[in-house]
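A structural walkthrough
Residue-level listing of the chains:
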Amino acid sequence: QRNDCAVEVPPTAMNYLGLEIRPSVAEYANSRISTWDLQGRLCFLSSNANVDLDRILNRFKEKTRSSLERITIQYPDPHFKKSHAKRRVVTPELVCTLAKYTNENAEVLLQSDVQSVLDEMRVVFREHTEYFVDEMDSEEEYLENNPIGIPTEREVSVLEKGLPVYRALFRRNGSPGP
């Protein structure tokens, strides 16, 4: 059974790009695309979002003349060790890059099964209110349900174990990007 956004959304509605830092995982995900008959609508790239995102999105914008409508950052590696904290995916630079390539009302969904990881990502986005607004008033509130409505495999696994999933949704405001 498939619970994938690219399958559930009507064929002409959206295209999907997944970024994965581990080449073997990106390769495996790409191998599944033809099985699902999703060629041309879904692609996975092995890349480090904090290094490659601006270049990737610039090429996207040049080729398509469009902007991103939805970004999801789901279950990133928590990098618990202090010495590895610099490897976390959500940084001020990443938020500014996303602001550069999104228009008003674009959504950014953050999800994690580790509350501290979600809280840290959320703080970084909340520090950039010139671009993004948290849909929840309090940092202590979390979205109860996945607003996309289609769970990831990790989300299904976590929920089946009776564990919580922490979610925050940000919306791009109308200010110009950096």
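Below is a summary of the structure that appears in this document. Remember, it's a predicted structure, so these values are computed and weren't measured experimentally.

Another point: the pattern of salt bridges. Opposite charge on two side chains makes pairing possible when the charged atoms of those side chains draw close. Counted by the stated rule, this structure contains 12 salt bridges. Of the charged contacts, one joins E107 and R171 as a salt bridge, the two residues approaching to 3.3 Å between their closest N and O atoms. Of this pair, E107 sits in strand β4 (residues 102-112) while R171 is found in strand β6 (residues 166-172), placing the two residues 64 residues apart along the sequence. Taken together, the salt bridges that share partners define one network made up of R70, E107, E135 and R171.

A few words now on helix α2 (residues 23-33). By the burial criterion, the buried members of α2 are A26, A29 and I33. Mapping the buried residues of α2 onto a view down its axis gives an arc of 65°, with all of them on the same face. Counted as exposed and oriented over 90 degrees from the buried face of α2: S24 and E27.

Although it is not a glycine, N105 adopts a positive phi angle of roughly 75°. Secondary-structure assignment places N105 in strand β4.

Mapped onto the fold, L163 is located in the loop between α6 (153-160) and β6. Classification of L163 by relative accessible area gives partly exposed; the value is 46%.

Where nonpolar side chains cluster on the molecular surface, the patch consists of L17, L19 and L45 and spans about 210 Å² of accessible area. A residue is classified by how much of its surface remains accessible, and L19, at 31% relative accessible area, is partly exposed.

Judged by nonpolar contacts, the single largest core of 24 residues is most densely connected at I73, V90, L98, L110, F125 and F132. Listed by contribution, the elements that provide at least two residues to this core are α3 (49-64), β3 (68-74), α4 (92-100), β4, α5 (115-126) and β6. In terms of residue count, the dominant contributor to this core is α5 (five residues). Within the second largest apolar cluster, six residues are counted, among which are L109, L143, I148 and L169.

With that out of the way, let us pick up the side chain of Q111. The topology assignment puts Q111 in strand β4. The buried category is assigned to Q111, whose relative accessible area is 0%. Looking at Q111, its side chain comes within polar contact range of the side chain of E155, at 3.4 Å. Within the local environment of Q111, its side chain forms a polar contact with the side chain of R167, the two groups lying 2.6 Å apart. Excluding residues that lie within four positions of it along the chain, Q111 makes contacts with I73, Q74, Y75, P76, L118, M121, N146, E155, V165, Y166 and R167.

Calculation criteria
In this numbering scheme, every chain counts its residues from 1 along its sequence in written order. Only residues with pLDDT of at least 70 are given local features in this predicted model, and only at 80 or more are side-chain atom pairs given and counted; all residues enter the totals for whole chains, interfaces and linings. The side-chain numbers reported here are obtained from all heavy atoms of the structure, hydrogens and water having been left aside. When a carboxyl oxygen of Asp or Glu is within 4 Å of a side-chain nitrogen of Lys or Arg, the pair counts as a salt bridge. Note on conventions: DSSP H or I runs of at least 4 residues are helices, E runs of at least 2 residues are strands, and numbering of each starts at the N terminus. Three exposure classes are used, based on accessible area relative to the maximum for each residue type with a 1.4 Å probe and protein chains only: buried under 20%, partly exposed in between, and exposed over 50%. Arc definition: it is the arc formed by the directions from the helix axis to the C-beta atoms. Residues qualify for a patch when their relative accessible area is over 30% and they have no salt bridge, like charges being joined within 9 Å and the nonpolar side chains of Val, Leu, Ile, Met, Phe, Trp and Tyr within 5 Å. Each accessible area is a Shrake-Rupley result for a 1.4 Å probe, and residues are judged covered by the shown protein chains and nothing else. By nonpolar core is meant a set of buried Ala, Val, Leu, Ile, Met, Phe, Trp, Tyr and Cys residues that side-chain atoms within 4.5 Å join together. For this analysis, a polar contact is any N or O atom pair within 3.5 Å, provided that within protein one partner can donate a hydrogen and the other can accept it, and provided that sequence-adjacent residues contribute only side-chain to side-chain pairs. Throughout, a residue-residue contact means that at least one pair of heavy atoms, one from each residue, lies within 4.5 Å.

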